Amino acid sequence: MNAGANNRVTVALGARSYAIAIADGLLDTAMDSLADYAGRDRMIVVTDENVAKLQLPRLTETAGAAGVTLHPIILPPGEATKNWIQLETLTDQLLALGVERGDHIVALGGGVIGDLTGFAAAIVKRGCGFVQIPTTLLAQVDSSVGGKTAINSRAGKNLIGAFHQPGFVLIDPSVLDTLPPRELRAGYAEVVKYGLIDDADFFAWCEAHGADLLAGDRAAQTEAIRRSVTAKARIVAEDETERSGRRALLNLGHTFGHALEAETGFSDALLHGEAVAAGICLAFAYSARRDLCSAADAERVAAHFSDAGLPNGLAAAGVQTDGATLTAHMMHDKKMEGGTLPFLLARGIGETFLARDVDLSDVAAFLDEVD
Ligand code: NAD
Ligand code: GLY
């Protein structure tokens, strides 16, 4: 892959370590890279209908010259695709194509395609290789790295899944040129999250350069992706399967956010990244209410998300529900431990920690008080 040394990040997991390559134009040379990496003259690429129109041609048009026969599998776009029916459709098609354990199924798309394809790769023939080529900012900075794969079930989001690491991740920021601005902003919430977790300098960088990134500045986008995946790779290497509490830090804003998503029906009314932005602001506001962090830090975080065009609270997220209803959604969280819910709270910007002493009735009272 033609990414400079500065734009290569390793996820250090012993024998399962893998590289993340980041560079403009990587998609146009990906068929060569994939053929070299996989040692195969045919590749199966899973994508969705939107990405098939806008980005898949960059692979199909270069496959022949790379000596590769491409087998695209094109699924409907949207969160609903992460379901049992599409998993069955996908695994049937993979088996019909004679997929082998040594194959590396390519996931070309956003988090939906990455999560579904990764899970299919984890279970078909008890585990095949797969490669992530993320095409949304959210997938580039978060979901393509770390090996969390899943589908949704009637009981909730991402409840059926497996840890299954990709063999490598190829990130071409130029694909963001076709991404709708609202999806770009939603992915940006996950960028800001890394600064707020444990890197106050990166949050300050976001304040200085976030507007450029959202306006399409490639250097700013590439730097944000590089810093985000470097942070994610470090945290995943420390706690791959979220046992020690380290990886749980990546869920900053997600418990509040999940309640907002549940309340809005996991629909386009509130995208995942938008819910995360509002959820992070609520986590900081709740931390300030408990005197864990300063009100000034909570206000600074809310101001940045608002400047970025992201919701920074309940009203901005379009949710007017009472606190008890919202905390009831939180009870279905995967992180529930012995009937209590660990919460990501903050002592300040870049100082997130896992709190195990949060009383859900206190959270409900807080949600009744705030906008
Ligand atoms: P998505 O995959 O639905 O993509 C959003 C939309 O953008 C879709 O309509 C898609 O077709 C379109 N799209 C994708 N790339 C495009 C491009 N380059 N140009 C134009 N359109 C493009 O959504 P997402 O926000 O990428 O991912 C959300 C999913 O990720 C959720 O299911 C969430 O649970 C999951 N997720 C997983 C992890 C993880 O660690 N595995 C982390 C965060 C989120
Ligand atoms: N996006 C949360 C994680 O990968 O752990």
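These figures come from a predicted structure and were not determined experimentally. (Residues numbered from 1 in each chain as written. Chains lettered and ligands numbered in written order. Predicted model: local features only at pLDDT ≥ 70, side-chain atom pairs only at ≥ 80, totals over all residues. Heavy atoms only, no water.)

A.B. asks: Explain the side chain of Thr-135 here, please?
C.D. replies: Inspection of the secondary structure assignment puts Thr-135 in the loop between β6 (129–134) and α6 (137–143). Overall, Thr-135 belongs to the buried group, its relative accessible area being 5%. Within the structure, the side chain of Thr-135 is placed 3.5 Å from the backbone nitrogen of Gly-110, a separation counted as a polar contact. With residues near it in sequence (within four places) discarded, Thr-135 still touches Val-51, Leu-108, Gly-109, Gly-110, Gln-140, Val-175, Leu-176 and Leu-179. (Helix = DSSP H or I, 4+ residues; strand = E, 2+ residues; numbered from the N terminus. Buried < 20%, exposed > 50% of the residue type's maximum accessible area, 1.4 Å probe, protein only. Polar contact = N/O pair within 3.5 Å; in protein donor to acceptor, adjacent residues only side chain to side chain. Contact = heavy atoms within 4.5 Å.)

A.B. asks: I keep staring at unusual backbone geometry and nothing clicks. Help me out?
C.D. replies: Even without a glycine there, the phi angle at Glu-242 is positive, about 60°. The class of Glu-242 is partly exposed, set by a relative accessible area of 22%. Of note, the phi angle at Phe-266 is positive, near 45°, even though the residue is not glycine. Phe-266 gets classed as partly exposed once you look at its relative accessible area, which sits at 30%.

A.B. asks: Explain the site of ligand 2 to me, please; I cannot follow it from the model alone.
C.D. replies: Around ligand 2 lies a shell formed by Asp-142, Lys-148, Lys-232, Glu-242, Arg-247, Leu-250 and Asn-251. Lys-148 is positioned such that a nitrogen or oxygen atom in its side chain is 2.8 Å from an oxygen atom of ligand 2. Side-chain polar atom of Arg-247 to an oxygen atom of ligand 2: 2.7 Å apart, as the coordinates give it. (Near = heavy atom within 4 Å.)

A.B. asks: I keep staring at the site of ligand 1 and nothing clicks. Help me out?
C.D. replies: Taken together, 25 residues are adjacent to ligand 1, and Asp-48, Glu-79, Thr-135, Thr-136 and Thr-178 come closest. In the model, a nitrogen atom of ligand 1 is placed 2.9 Å from a nitrogen or oxygen of the Lys-148 main chain. Between Lys-157 and ligand 1, the recorded distance is 3.1 Å, taken from a side-chain N or O atom to an oxygen atom. Starting from 860 Å² of accessible surface for ligand 1 in isolation, the protein chains cover 90%. Of all the secondary structure elements, the ones that give two or more residues to the shell around ligand 1 are α2 (49–54), α5 (111–123), α6 and β8 (156–163). Taken together, the residues that form the shell around ligand 1 break down as eight nonpolar, eight polar and nine charged. (Areas by Shrake-Rupley, 256 points an atom, 1.4 Å probe, with all protein chains shown as cover. Nonpolar A, V, L, I, M, F, W, Y, C, P; charged D, E, K, R; others polar.)

A.B. asks: I keep staring at helix α11 (residues 272–289) and nothing clicks. Help me out?
C.D. replies: Given 3.6 residues to a turn, an α-helix orients residues that are three or four positions apart in the same direction. The end-to-end C-alpha distance of α11, which contains 18 residues, comes to 25 Å, matching closely the 26 Å that a straight helix rising 1.5 Å per residue would cover. Just downstream of α11, Asp-291 is the residue with a positive phi angle, here 60°. (Expected span 1.5 Å × (residues − 1).)

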